[in-house]
Amino acid sequence: MIFCKAPIPGQVKTRLQPALSAEQAAAAHRQLAYMTLDRAFEQPLCAVELHCAPDASHGFFQDCARRYPLTLKGQYGADLGERMHQAFNDALGRYRHALLMGCDCPSLSSDDLLRASAVLHEGHDAVIAPADDGGYVLIGLNETQPGLFSDMSWGHDQVMATTRSRANEMGLNLYELDSQWDVDTYSDWLRYSAM
């Protein structure tokens, strides 16, 4: 499952502004989303779903569905945690394991995705890829775990620490991948552009 917002100028990658215009930031978001989809299909891992916000009707998402063999889904819920929980609830009703990631992490490789999938198959309850900024860029589960997503303050540098602590309290066997970096700021964008 890949979470992605419609590339609407002024609504995505706003922290790249004012170094980039709203239109340039939206174009950066599109470029990162295509990069993520390319990575997801680099190896034959599993079915891929693009979870679209606010819904799947935007032309960008329709173009993604033409370019890649994926399924378009909406995101449902009042906040990020609820949307993530709903996505897992849906996917784990159909599959034994599920991975969820964002669409702006250039350091997350197809080998990382393969490893994340493998550790769930091996019996870990959860897998996570921490982000250098204190959040995380990927989470995978074998069962729905609403406690990892409810009443969470998102978008700050303690998200990973809080998630790790909650997983420990819940007795989950959590596997952590290497820390990753994502594109939030203009310096992140420059780092990505230099790759």
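## So, the nonpolar core
Then comes step 1: Membership of the largest hydrophobic core comes to 30 residues, with the highest contact counts inside it found for Ile2, Leu50, Leu108, Val127 and Leu138.
Then comes step 2: For this core, the secondary structure elements donating two or more residues are strand S1 (2-5), helix H1 (22-40), strand S2 (49-53), helix H2 (59-67), strand S4 (98-101), helix H4 (110-121), strand S5 (126-130) and strand S6 (136-141).
Then comes step 3: Grouped together as the second largest cluster of nonpolar side chains are 20 residues, Met1, Ala126, Tyr136 and Ile139 included.

## Concerning the packing of aromatic side chains
Then comes step 1: With the rule as written, the count across this model stands at six aromatic pairs.
Then comes step 2: On the numbers, 5.8 Å between centres and 20° between planes, the contact of Phe88 with Phe149 is stacked. Here Phe149 lies in the loop between S6 and helix H5 (159-169) and Phe88 lies in helix H3 (residues 80-91), a separation of 61 residues in the sequence.
Then comes step 3: One aromatic cluster is present, formed by Tyr34, Phe60 and Phe61 through successive ring pairs.
Then comes step 4: The ring centre of Tyr34 lies 4.0 Å from the NZ or CZ of Arg67, which sits over that ring.

## What to know about the pattern of salt bridges
Then comes step 1: Under the defined criterion, the tally for this structure stands at eight salt bridges.
Then comes step 2: In this structure, Lys13 engages Asp104 in a salt bridge whose closest nitrogen and oxygen atoms are separated by 2.5 Å. Residue Lys13 is found in the loop between S1 and H1, and its partner Asp104 is found in the loop between S4 and H4; the two are separated by 91 residues along the sequence.
Then comes step 3: Overall, the relative accessible area of 15% leaves Lys13 in the buried class.
Then comes step 4: Classification of Asp104 as buried rests on a relative accessible area of 15%.

## Brief notes about unusual backbone geometry
Then comes step 1: In this structure, Pro18 follows Gln17 across a cis peptide bond, with omega equal to 5°.
Then comes step 2: The amide bond that connects Ala53 to the next residue, Pro54, takes the cis arrangement and shows omega of 5°.
Then comes step 3: Residue position: Pro54 is located in the loop between S2 and H2.
Then comes step 4: For Lys13, which is not glycine, the phi dihedral falls at a positive 50°.
Then comes step 5: Positive phi is not limited to glycine here, since Asp151 has a value of about 50°.

## What to know about the environment of Gln24
Then comes step 1: Relative to the helices and strands, Gln24 is located in helix H1.
Then comes step 2: Remark: the alpha-carbon pair of Gln24 and Asp157, spanning 133 residues in sequence, is separated by 26 Å.

## What to know about the pairing of S6
Then comes step 1: The element S6 is largely enclosed, with a buried count of six among its six residues.
Then comes step 2: Note: S4 against S6, four bridges, orientation antiparallel. Its bridge partner lying in S6, Met101 is registered against Leu138.
Then comes step 3: Looking at chain direction, S5 and S6 are connected through five bridges and run antiparallel. Each bridged residue has a counterpart across the sheet, and for Ala129 the counterpart in S6 is Leu138.
Then comes step 4: If you look at the hairpin formed by S5 and S6, you'll find five residues sitting between the two strands, and Gly134 has a positive phi there, around 100°.

Basis of the calculations
Residues numbered from 1 in each chain as written. Predicted model: local features only at pLDDT ≥ 70, side-chain atom pairs only at ≥ 80, totals over all residues. Heavy atoms only, no water. Core = buried A, V, L, I, M, F, W, Y, C linked by side-chain atoms within 4.5 Å. Buried < 20%, exposed > 50% of the residue type's maximum accessible area, 1.4 Å probe, protein only. Helix = DSSP H or I, 4+ residues; strand = E, 2+ residues; numbered from the N terminus. Phe/Tyr/Trp six-rings, centres within 6.5 Å; stacked < 30°, edge-to-face > 60°. Lys NZ or Arg CZ within 6 Å of the ring centre and 35° of its normal. Salt bridge = Lys/Arg side-chain N within 4 Å of Asp/Glu carboxyl O. Pairing = 2+ DSSP bridges.

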